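# Descriptive structure summary
Each chain, letter by letter, is given below.
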Amino acid sequence: MDKTNSASDVELSTEELIAQDVGARLPTGLMEKTITGLALLWSLFQLWIASPLPFLFGFGVLNDTETRAIHLGFALLLAFLVFPAFKRSPRDRVPAFDIMLGVIACATSLYLYVMYEALALRPGSLTTSDFVVALIGLPLLLEAARRVLGPVLPLIALTFIVYSLAGPWMPGLLAHRGVQLSALANHQWITTEGVFGIALGVSTSFVFLFVLFGALLERARAGHYFIQLAFSMLGHLRGGPAKAAVVASGLTGLISGSSIANVVTTGTFTIPMMRKVGFSAEKAGAVEVASSVNGQIMPPVMGAAAFLMVEYVGIPYVEIIKHAFLPAAISYIALLYIVHLEALKLGMQPIELGSKKPWLARLTGFAFGATLLCLISVVTYYGLGWLKPLLGEYVLPGMALLLSVVYLLLLKVAASNEPLPAEDPDAPLESLPDTRAVLLSGLHYLLPVVVLVWCLMVERLSPGLSAFWGSVILVVIVLTQRPLLNWMRTDNAHDYGSVKDGCIDVVEGLIAGARNMIGIGIATATAGIIVGAVSQTGVGLVLADLVEMLSMGNLLLMLLLAAVLSLILGMGLPTTANYIVVSSLLAPVIVALSQQHGLIVPLIAVHLFVFYFGIMADVTPPVGLASFAAAAVSKGSPIKTGITAFYYSLRTAALPFLFIFNTDLLLIDVSFGHGIIVFISATIAMLIFAAATQGWLVVRSRWYETILLLLVSFTIFRPSFWVDLMIEPYQSNSPAQLAYTLEPLDEGTPLRMRIRGEDAVGKMREFSVVLSVPAGESGQEKLDNIGLETYQDGDKTYIDIVGFSSPAEAAGLVFDQQILDVRTPAEQFRKEFMWIPAMALFGFVVWLQLRRRRYDIASSKSHVSI
């Protein structure tokens, strides 16, 4: 009998590669047991606080500050035990000094748990013990960050600490009144404004459970299943292994918190396969880097940034997913097309291994699969919706029974098919796996993903609770799938393993999840120092002035500067810390400066803008960490890999600029039908943009064809640009006649107002706001419903009263601001009409290239005949 759990060898080598990449220890003996025990205990603690059990038993109910303190305590202790201080430090044992540092660092974090009640009774009053703990805890946190994440993040955090203390001695624009050391210690360590702030809270409540979910999914061999499924579906195409790498990395990126881990886990298989079909080491690594980094912009996890956005932007998690999905999907489709163009450039032919199905059969099979998936989704949605009121108070056991039946049926299907062979990237490419056999062999792996998505999107449970239930389903699957498959398989041709093997897999998954969280926990805590410094010193306003001065009032230049700063700040940072840093520093800058220039950008668009450019730092040389990880697998040049990956990622860099000016791409205030049109048009535009940047459409493009393609792509993405050039989009109205202006406007019409007034530090600024016209019988009633009363001082109009909790107050209007201008929408023709000349121009470029290809073919034939 064949032993199918031989994948442990591959998993072990992957773990070693990740450990080598991050410089982690793999000790033996008692310390190995101590580290694994702590990691296991951390995972069990996180599952406990995420579950309903503390409330059912009335035991172990902890508040946010207490859970954050314990969470960081585990992270700090494990950081000093797992990560050595220097390259020359031992890897097979833990020095006593590191153990001492880990225990002290853990104690400084647990201080907030032990002393919680005392601290709550004296807010803002710092005792000597509080002060000493903070002064010890902050340097140890920075040292842990240096060991785990490298020098970049702790240096940035240290710079902000120094800036907080040295404010009065800073030059000109950077000067501030300064912060006392005791105030800094209190703000950064004792309160929840710094280290123990929102970022660490999100890491504690949400991120850990999703990282654990991903680790358990990998331990169940679902990652291998996704790779084989993608390879079986796309391997026969031009550059098939590269396309499979894109899809596999996208599937992994759905639940992965790290682009580097994504590169290492999927790249160990996909990079060698790409090289076998003709991709160079650098291009194979670049494709893996581009697709793995793109996994960080793919909901629902987005490298944990999705959960942080919930707190920072203040909108529901489901809305974050809705806004982020379309750009991520378009970017992945474009990457598949880029891979196809690369295959065309290299003259690759479709791989013909084994029996080749006719294209009609493949199309029919795809249509059948898509229809079946839609049917299952509809039946699940409406079926469960009908069952819930029917079962009443027995809904939980009823759902559990239904899931058990579905799980057993899917396992029976899996037992009727051959198990997937173990990954072997060195094996010769002699045959492709059969799609149907691969699909049926692991359908039960989709069950926890379905449960996770159902809880998030339909039940609207919190992300943490949703991930908890998904992890529970995964634990059940990992424990039971081996013995059940042995029982259901009647031919005894394979031994899937025993219950003991399943228990080992669960324990290993819990340990792997905790080890994967060390970096994220330390990163969010360290990034909290930066967030705390921003709130304590007001450096955000300084940065806004600096960007405004450098951009010389040009909006596009201001966005370019923000993008470059996001790239610089994100260099060497993991995704989560990356987002915290760039969003806390640059998101308010973009919002404020955009308002000053009359561009009203939704906050979610701004946060996605800085997030996209922050994660681009994982690609960009010379510090692109994902590029170095891919080069370690491909044996290519890291710098060349990074440059090629950045070239492939230009489509991702273009998207943020486009959705800043065209928020339809984020599905903001867009109907379902309009959303479909936006998706189709944006996908076409991005494919044309990819063809332009790659210099190939039908044949190699000439320089003027590239320019025409970029023009076509821009027009499809933002047709309103040309319409606004031809017809002014707004008409000005007198501020003195505000009620008269509102009279004929329909409810929901956008009303733009240009305002002049003092900002938070007393500096006069001009900015724009947009208000939605409310219902009302008259113009005055509409103005009252907005919450505004104005008065005249000569020919100037000022705000007199702003209603409490009114739309005007929500827009940032306050007493004594001057209304400079009131603008209402002007009549324009539909912007979509601009697509007609754009597509005509595209057709012209296609005709030019088709004519050139026919000429080249005819020339080659005549040359052969001669």
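The structure this text deals with has already been given above.
Worth saying up front: this structure is predicted, and the values here are computed from it rather than measured.

## A short note on a negative patch on the surface
Together, Glu758, Glu777, Glu781, Asp784, Glu789, Asp800 and Asp816 make up a negatively charged patch on the protein surface. Within the fold, aspartate 784 resides in helix H34 (residues 779–786). Taking the relative accessible area as the measure of exposure, aspartate 784 reaches 43% and is therefore partly exposed.

## Brief notes about the packing of helix H4 (residues 64–82) against helix H7 (residues 128–149)
Where H4 contacts H7, the axes come no closer than 9 Å and their chain directions differ by 55°. Comparing the axis directions of H4 and H7 gives the class oblique. Judged by the twist between their axes, the crossing of H4 over H7 is left-handed. Note on element contacts: H7 touches H4 through Leu140, Leu141, Glu143, Ala144, Arg147 and Val148, opposite Leu72, Leu76, Ala79 and Phe80. Considered class by class, the residues forming the contact of H4 with H7 number eight nonpolar, no polar and two charged.

## Quick look at unusual backbone geometry
Even without being glycine, leucine 667 reaches a positive phi, approximately 55°. Mapped onto the secondary structure, leucine 667 falls in the loop between helix H29 (650–661) and helix H30 (672–694). The backbone of aspartate 669 sits at a positive phi, close to 55°, despite the residue not being glycine. In this structure, aspartate 669 sits in the loop between H29 and H30. Judged by relative accessible area, aspartate 669 falls into the exposed class, the value being 80%.

## Structural notes on the packing of aromatic side chains
Following the criterion strictly, the structure yields 24 aromatic pairs and no others. Ring centres of tyrosine 225 and phenylalanine 226 lie 5.9 Å apart, and the angle between their planes is 50°; this geometry places the pair in the tilted category. As far as burial versus exposure is concerned, tyrosine 225 and phenylalanine 226 are alike and both buried. Seen in terms of ring centroids, tyrosine 225 and tyrosine 445 are 5.5 Å apart; in terms of plane orientation they differ by 55°. Their pairing is tilted. Of the two residues, tyrosine 225 sits in helix H11 (residues 222–234) while tyrosine 445 sits in the loop between helix H19 (435–441) and helix H20 (446–458), which places them 220 residues apart along the sequence. Residues tyrosine 225 and tyrosine 445 agree in their burial class; the two are buried. Through a chain of ring-to-ring contacts, the aromatic side chains of Tyr312, Tyr579, Phe611, Tyr612 and Phe659 assemble into a single cluster. Above the face of the phenylalanine 86 ring, arginine 88 is positioned so that its terminal group lies 5.0 Å from the ring centre.

## Digging into the side chain of serine 466
Considering the arrangement of structural elements, one finds serine 466 in helix H21 (residues 463–488). Judged by its relative accessible area of 0%, serine 466 falls in the buried class. Here serine 466 is in contact with Leu452, Cys455, Leu456 and Leu461, once residues within four sequence places are set aside.

## Overview of helix H26 (residues 603–615)
Along an α-helix, a turn takes 3.6 residues, which lines up residues three or four apart on a common side. Along its 13 residues, H26 runs 19 Å from first to last C-alpha, staying within 8% of the 18 Å computed at 1.5 Å per residue. Here H26 lies mainly inside the structure; twelve of its 13 residues are buried. Structurally, H26 contributes buried residues whose contacts are with helix H14 (281–294), helix H15 (305–313), helix H16 (317–345), helix H24 (555–570), helix H25 (575–596) and H29.

Analysis parameters
- Residues numbered from 1 in each chain as written.
- Predicted model: local features only at pLDDT ≥ 70, side-chain atom pairs only at ≥ 80, totals over all residues.
- Heavy atoms only, no water.
- Patch = residues over 30% accessible without salt bridge, like charges linked within 9 Å, V, L, I, M, F, W, Y side chains within 5 Å.
- Areas by Shrake-Rupley, 256 points an atom, 1.4 Å probe, with all protein chains shown as cover.
- Salt bridge = Lys/Arg side-chain N within 4 Å of Asp/Glu carboxyl O.
- Lys, Arg positive; Asp, Glu negative; His and termini not counted.
- Charge placed at Lys NZ, Arg CZ, Asp CG, Glu CD.
- Helix = DSSP H or I, 4+ residues; strand = E, 2+ residues; numbered from the N terminus.
- Buried < 20%, exposed > 50% of the residue type's maximum accessible area, 1.4 Å probe, protein only.
- Axes fitted to C-alpha atoms, helices over the stretch in contact; angles between N-to-C directions.
- Parallel < 35°, antiparallel > 145°, perpendicular 65-115°, else oblique.
- Left-handed = near helix turned anticlockwise from the far one by under 90°.
- Contact = heavy atoms within 4.5 Å.
- Nonpolar A, V, L, I, M, F, W, Y, C, P; charged D, E, K, R; others polar.
- Phe/Tyr/Trp six-rings, centres within 6.5 Å; stacked < 30°, edge-to-face > 60°.
- Lys NZ or Arg CZ within 6 Å of the ring centre and 35° of its normal.
- Expected span 1.5 Å × (residues − 1).

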